[in-house]
Amino acid sequence: MAEKGAENLSRKTYEKELLRLQTELVRLQEWVRAEGARVVVVFEGRDAAGKGGTIKRVAEHLNPRVARIAALPKPTERERSQWYFQRYVEHLPAAGEIVLFDRSWYNRAGVEHVMGFCTKGEYQLFLRQCPIFERMLVEAGIVLRKYWFSVSDTEQQERFRKRLEDPLRRWKLSPMDLESITHWEAYSRAKDEMMVHTDIAEAPWFVVESDDKRRARLNMIAHLLGSVPYREVPPPVLELPERPKSTGYQRPPRDLQTYVPDHAASL
């Protein structure tokens, strides 16, 4: 359920604050690059909880060479034979990088566990090893933030319905997503169990109420910015040089090249 006052957040207010926060994200990015920091942000939650839209707003104005999104497909046969965390380790940031995990190693605590894609032993091993793994990341100097996007059953159902009817968002909906409706309570229990084992002091979970998408995006970004002790890094002084005088270059005739048809002229 959205917090009190959510109905008063107009689009104009939302867009103004989003722009301010995105400007701060650019400052955070420049600090990360200058300091050689390593930042990992984990986005988890139910299907249609608003993770993807929030990640899009976080990364929208950032340099993709600094901030990248890790959205891993289902593991290959070779990856299934590896240590579970191994395929995620290779996506961790190097110095001066930010990685946004659109779902993460917590797949094992959620969909894999609920849908029977892992054994009970593998699930229990994950719950034991995950806190150790995350403590290792933090001890190595990685800034780790974990966000759980919480959506109500009625709001999730409505978002699924809209995706079914929207050709631009239909690709977001899979049979697995729809099947999650019939496993609502099982996913709730899995989330509660996951929190018990992995909500640790070194890497706590932060819950984002996401029935109101605009509010959720602002709250999450503001929290991330407030939790990282970054500072503004002065940009290098740049001056636009004067264009030199022509030395006689002649552009080749247009008919020697193939141009894209002017579709816009037909509108």
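These figures come from a predicted structure and were not determined experimentally.

Here is what the cut-offs are and how they apply
Residues numbered from 1 in each chain as written. Predicted model: local features only at pLDDT ≥ 70, side-chain atom pairs only at ≥ 80, totals over all residues. Heavy atoms only, no water. Helix = DSSP H or I, 4+ residues; strand = E, 2+ residues; numbered from the N terminus. Buried < 20%, exposed > 50% of the residue type's maximum accessible area, 1.4 Å probe, protein only. Polar contact = N/O pair within 3.5 Å; in protein donor to acceptor, adjacent residues only side chain to side chain. Contact = heavy atoms within 4.5 Å. Phe/Tyr/Trp six-rings, centres within 6.5 Å; stacked < 30°, edge-to-face > 60°. Lys NZ or Arg CZ within 6 Å of the ring centre and 35° of its normal. Disulfide = S-S within 2.5 Å. Axes fitted to C-alpha atoms, helices over the stretch in contact; angles between N-to-C directions. Parallel < 35°, antiparallel > 145°, perpendicular 65-115°, else oblique. Left-handed = near helix turned anticlockwise from the far one by under 90°. Salt bridge = Lys/Arg side-chain N within 4 Å of Asp/Glu carboxyl O. Expected span 1.5 Å × (residues − 1). Arc of directions from axis to C-beta. Pairing = 2+ DSSP bridges.

A. The side chain of Gln-22, seen in detail. Structurally, Gln-22 is set in helix H1 (residues 11-35). The exposure class assigned to Gln-22 is buried, which follows from its relative accessible area of 5%. Of the polar contacts made by the side chain of Gln-22, one reaches the side chain of His-61; its length is 3.4 Å. Those residues in contact with Gln-22, other than ones at most four positions away along the chain, are Arg-57, Glu-60 and His-61.

B. Expanded view of the packing of aromatic side chains. What the rule picks out here adds up to 17 aromatic pairs. On the basis of an interplanar angle of 55° and a centroid distance of 6.4 Å, the ring pair of Tyr-88 and Phe-101 is categorised as tilted. With Tyr-88 in helix H4 (residues 86-89) and Phe-101 in strand E3 (residues 97-102), this residue pair connects regions lying 13 residues apart in the sequence. Among the aromatic side chains, those forming a connected cluster through ring pairs are Trp-83, Tyr-84, Phe-85, Tyr-88, Phe-101, Trp-105, Tyr-106, Phe-126, Phe-133, Trp-148 and Trp-205. Looking at Arg-46, its charged tip hangs above the ring of Trp-184, at a distance of 3.5 Å from the centre.

C. A look at the state of the cysteines. A complete count under the given rule lists zero disulfides for this structure. Not engaged in a disulfide, the cysteine Cys-118 finds its nearest cysteine sulfur in Cys-130; these two sulfurs lie 13 Å apart. The class for Cys-130 is buried, based on a relative accessible area of 0%.

D. Structural view of the packing of H1 against helix H10 (residues 213-227). Contact geometry of H1 with H10 gives a least axis separation of 10 Å together with a crossing angle of 25°. Accordingly, the angle class assigned to the pair H1 and H10 is roughly parallel. For the element pair H1 and H10, the recorded crossing hand is left-handed. Taking contact as the criterion, the partners of Arg-11, Tyr-14, Glu-17, Leu-18, Leu-21, Glu-24, Leu-25 and Leu-28 in H1 are, on H10, Arg-214, Arg-217, Leu-218, Ile-221, Ala-222, Leu-224 and Leu-225.

E. How the structure looks around the pattern of salt bridges. Under the defined criterion, the tally for this structure stands at 20 salt bridges. A salt bridge links Arg-11 to Glu-15; its shortest N-O distance comes to 3.3 Å. Of this pair, Arg-11 and Glu-15 both sit in helix H1, four residues apart, roughly one helical turn. By relative accessible area, Glu-15 is classed as partly exposed at 41%. Linking Arg-87 and Glu-79 is a salt bridge whose minimum nitrogen-to-oxygen distance equals 3.4 Å.

F. Fine view of helix H7 (residues 153-165). Here H7 spans 19 Å end to end across 13 residues, near enough to the 18 Å set by a 1.5 Å rise per residue. Among all positions of H7, only Gln-156, Arg-159, Phe-160 and Arg-163 are buried. Taken down its axis, H7 places every buried residue within 100° of arc, on the same side. For H7, the exposed residues lying more than 90 degrees away from the buried face are Thr-154 and Glu-165. Contact partners of the buried residues in H7: helix H8 (175-179), helix H9 (184-198) and H10.

G. Just the sheet that holds strand E5 (residues 205-209), in detail. Read across the sheet, five strands follow the order E2-E3-E1-E4-E5 without closing on themselves; strand pairing throughout is parallel. Each of the sheet's edge strands pairs with one partner strand only, and the pair in question is strand E2 (67-70) and E5. On average, each strand axis in the sheet is inclined to that of its neighbour by 20°, with strand direction left out of account. Sheet topology places strand E1 (residues 38-45) next to E3; six bridges connect them, and they run parallel. From the neighbouring strand, Val-42 faces E3, where its bridge partner is Phe-101. Sitting on the sheet, helix H2 (residues 51-59) is in contact with E1, E2, E3 and strand E4 (143-150), with an inclination near 155° to E1.

H. Expanded view of the side chain of Glu-134. Here Glu-134 lies in helix H6 (residues 120-139). In this structure Glu-134 comes out as buried when scored by relative accessible area, which is 0%. Not counting residues within four places of it along the chain, the set of residues in contact with Glu-134 comprises Trp-105, Tyr-106, Leu-144, Lys-146, Thr-198, Ile-200 and Ala-203.

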